[in-house]
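# Notes for the structure review
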Amino acid sequence: MSKNEKEKTRLDPWGITEIQDYERLYREFGIKPFKPLLQEIPEPNMFMRRGIIFGHRDFERIVEAIKNNGEFAVLSGIKPTGEFHLGTLMTAREIIYFQKQGAKTFYCVADVEAYEDNNIPLEKSGKIAVGNIADVLALGLDPKKAYIYRQSKEMRVRDFALIFARKVTLATMKAIYGERNIGLYVSALIQAGDILLPQHEDFGGPKPTVVPVGIDQDPHLRFTRDLAQKFRGKYGFVLPSSTYHKLIKGLDGSPKMSKRNPMSYFTLHEPPEMIAKKISNAFTGGRPTVKEQRELGGIPEICSVYAINMFHFMENDEEVIKLYNDCKSGNIICGECKQRTIEIVLRFIRNLEEKRKKFIDKAREILQVE
Ligand code: SF4
């Protein structure tokens, strides 16, 4: 592989992730394709069925646990830097799915990382997290069957991080994360503590654990799996498993939705007119004129409107296939398609907003935030 090719594949949990070709990740990083496992999974979710979850590490042991009613855990979380957006919605839906499949559920508020990476004080991130947790509860996470915590308050996570640090050199951190400030390296150790928390003796000890993440988070998985191996003798850790989802394109056609570019994404609590405006201006796979689009059809593969429908807003696979075919054949044109999408998105958001109000007090109680 040429140097140029390698540079195009960059996985950075705190910066810019560039992926030209998802297939290459199998060869470069040892991630396994998800598709061969699909038939083994009793009730695959829509991300799995649609190939949005495209890769994994050791997910076989999670499949076995699901099929045999065995014990397993799921851990995921949110960095409390702002309101829920489509990226955090994805991981929230994944964790809810695994909870329904019987996983012991851990949801982490990554406030240490929000401080180290985004300079958000703990007090402020605590307040932001109230809305985030209310959202995840409104989406369906059952708080009675989940352990929801803030990194900064969970001493077991900190203890793990301190213990793990003894076996980590600066050279290892640089090799995985590049040259960063020590605070980010500390937050990576804390994340390793999070990922292995479900295997702490207080939670029943070693067990298969799945961490569903966007592919840009894989460095944390590689780092933690290496630590789990090193500390296996002491704690009996089972190497954590992971699933990887693709990153949803920016509405402006950029490779990834990013807070750096407000027109590339929307949060789930933005004013409806702003969301409508962003979708109306979104990059599509449409043709320059209606006539051409009717004759040639659109290109859903590059269309951000198609992507948000496929990733989130069409529950039914048949609807996605229909949109794809209608677009390809010129049966639908972009103006009509965008309008329909705006209606679906705003309906979803109004519904979520109503439900979320009922969970704000519960979220405050869980996080112990006034
Ligand atoms: Fe995208 Fe819809 Fe236009 Fe097709 S018709 S390119 S899916 S906006």
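What counts and how
Residue numbers run consecutively from 1 along every chain, following the written order of its sequence. Local features in this predicted model are restricted to residues whose pLDDT is 70 or higher, and side-chain atom pairs enter the listing and the counts only when it is 80 or higher, whereas totals over whole chains, interfaces and linings include all residues. To get the side-chain values, take all heavy atoms of the structure and skip hydrogens and water. Strands here mean DSSP runs of E at least two residues long; helices mean DSSP runs of H or I at least four residues long; both are numbered from the N terminus. Note on exposure labels: buried denotes an accessible area under 20% of the residue type's maximum, exposed denotes more than 50%, and partly exposed covers the range between, all computed with a 1.4 Å probe on protein chains only. Whether two residues touch is decided by their heavy atoms; if any such pair falls within 4.5 Å, the residues are in contact. For each residue, the test is whether any non-hydrogen atom lies within 4 Å of the molecule or strand; if one does, the residue is near. Under the scheme applied here, ten amino acids are nonpolar (Ala, Val, Leu, Ile, Met, Phe, Trp, Tyr, Cys and Pro), four are charged (Asp, Glu, Lys and Arg), and all others, including Gly, are polar. By definition, no residue in a patch forms a salt bridge, and every one has over 30% relative accessible area; like charges are joined within 9 Å, nonpolar side chains (Val, Leu, Ile, Met, Phe, Trp, Tyr) within 5 Å. Here the Shrake-Rupley method, with its probe set to 1.4 Å, supplies the accessible areas, and only the displayed protein chains count as covering residues. Whenever a carboxyl oxygen of Asp or Glu lies within 4 Å of a side-chain nitrogen of Lys or Arg, that contact is scored as a salt bridge. Any two strands between which DSSP finds at least two bridges are classified as paired. Clockwise travel from the first strand over the helix to the second, with the strands pointing away from the viewer, marks a crossover as right-handed. In this scheme, a helix's expected span is set at 1.5 Å multiplied by one less than its residue total. Angular values range over 0 to 180 degrees, each being the angle between N-to-C directions of two axes fitted as lines to C-alpha atoms, with helices fitted over their stretch in contact. We call two directions roughly parallel when the angle between them is under 35 degrees, roughly antiparallel when it is over 145, roughly perpendicular when it lies between 65 and 115, and oblique otherwise. Working rule for handedness: look at the near helix, and if it is turned counterclockwise from the far one by less than a right angle, call the crossing left-handed; if clockwise, right-handed. The domain limits used here are those given by an automatic or database domain assignment. Accessible area that two parts lose when put together, evaluated with a 1.4 Å probe and summed over both, is termed the buried area. Throughout this description, a polar contact denotes any pair of N or O atoms lying within 3.5 Å of each other; where both atoms belong to protein, one of them has to be capable of donating a hydrogen while the other can accept it, and for residues adjacent in sequence the pair is counted only when both atoms sit in side chains.

Right, let's get into the environment of Ile 190. Here Ile 190 is to be found in helix 10 (residues 182-196). Given the relative accessible area of 7%, Ile 190 is considered buried. Setting aside residues no more than four positions away along its own chain, Ile 190 makes contact with Val 112, Gln 151, Val 157, Arg 158 and Ala 161.

Around the ligand lies a shell formed by Thr 284, Gly 285, Gly 286, Gln 293, Cys 303, Val 305, Tyr 306, Cys 327, Ile 332, Ile 333, Cys 334 and Cys 337. Taken together, the elements giving at least two residues each to the shell around the ligand come down to helix 15 (304-313) and helix 17 (334-357). Tallied by class, residues from the shell around the ligand come to eight nonpolar, four polar and no charged.

Looking now at a nonpolar patch on the surface. The grouping of Leu 170, Ile 182 and Val 186 at the surface amounts to a nonpolar patch, some 270 Å² of accessible area in total. As for its position among the elements, Val 186 is in helix 10.

The strand order across the open sheet formed by seven strands is 1-2-7-6-3-4-5, and the pairing between neighbours is mixed. The open sheet has two free edges, formed respectively by strand 1 (32-33) and strand 5 (146-150), since each of these has just one partner strand. As paired elements, strand 1 and strand 2 (residues 53-57) share two bridges and run antiparallel to each other. Paired with Pro 33 across the strands is Gly 55, a residue of strand 2.

Moving on to the pairing of strand 3 (residues 73-78). Burial runs high along strand 3: five of the six residues are buried. In terms of handedness, the path from strand 3 via helix 5 (residues 86-100) over to strand 4 (residues 104-109) forms a crossover that is right-handed. Pairing analysis gives two bridges linking strand 3 to strand 6 (residues 209-214), with the strands arranged parallel. By the bridge assignment, Val 74 is partnered in strand 6 with Val 210.

With a phi close to 50°, Asp 58 is a non-glycine residue in the positive phi region. Here the phi dihedral of Gln 368 falls at roughly 55°; this positive angle occurs in a residue that is not glycine. Topologically, Gln 368 is positioned in the segment after helix 18 (360-367).

To continue, consider the pattern of salt bridges. In total, this model carries 26 salt bridges according to the counting rule given. Connected through salt bridges with shared partners, the residues Arg 49, Arg 50 and Asp 317 form a single ionic network.

To continue, consider helix 11 (residues 218-230). Between its terminal C-alpha atoms helix 11 stretches 19 Å, which fits the 18 Å expected from 13 residues at 1.5 Å a residue. By the burial criterion, the buried members of helix 11 are Asp 218, Pro 219, His 220, Leu 221, Phe 223, Thr 224, Arg 225, Leu 227 and Ala 228.

So, on to the packing of helix 6 (residues 111-118) against helix 10. Axis separation between helix 6 and helix 10 bottoms out at 9 Å; the angle between their running directions is 160°. Classed by the angle they form, the pair helix 6 and helix 10 counts as roughly antiparallel. Along this stretch, helix 6 crosses helix 10, giving a crossing that reads as left-handed. The segment helix 6 lies against helix 10, with Val 112, Glu 113, Glu 116 and Asp 117 engaging Gly 183, Leu 184, Ser 187, Ile 190 and Gln 191. The class makeup of the residues in the contact of helix 6 with helix 10 is three nonpolar, three polar and three charged.

A separate point is the domain arrangement of the chain. Reports often express the size of an interface as the amount of accessible area lost when the parts come together. According to the domain assignment, the chain contains domain 1 (3-247) and domain 2 (262-357). On a C-alpha basis, the centroid separation for the pair domain 1 and domain 2 is 29 Å. Taken residue by residue, the interface counts 19 residues in domain 1 and 20 residues in domain 2. For the domain 1 and domain 2 pair, buried surface summed over both sides reaches about 1,700 Å², with 62% attributable to carbon and sulfur atoms. At the junction of domain 1 with domain 2, the criterion picks out five salt bridges. For Arg 49, the salt bridge goes to Asp 317, with nearest N and O atoms at 2.7 Å. At the junction of domain 1 with domain 2, the criterion picks out 12 residue pairs in polar contact (both at pLDDT 80 or more). Along the lines of polarity and charge, the residues of the side of domain 1 that touches domain 2 split into 11 nonpolar, two polar and six charged.

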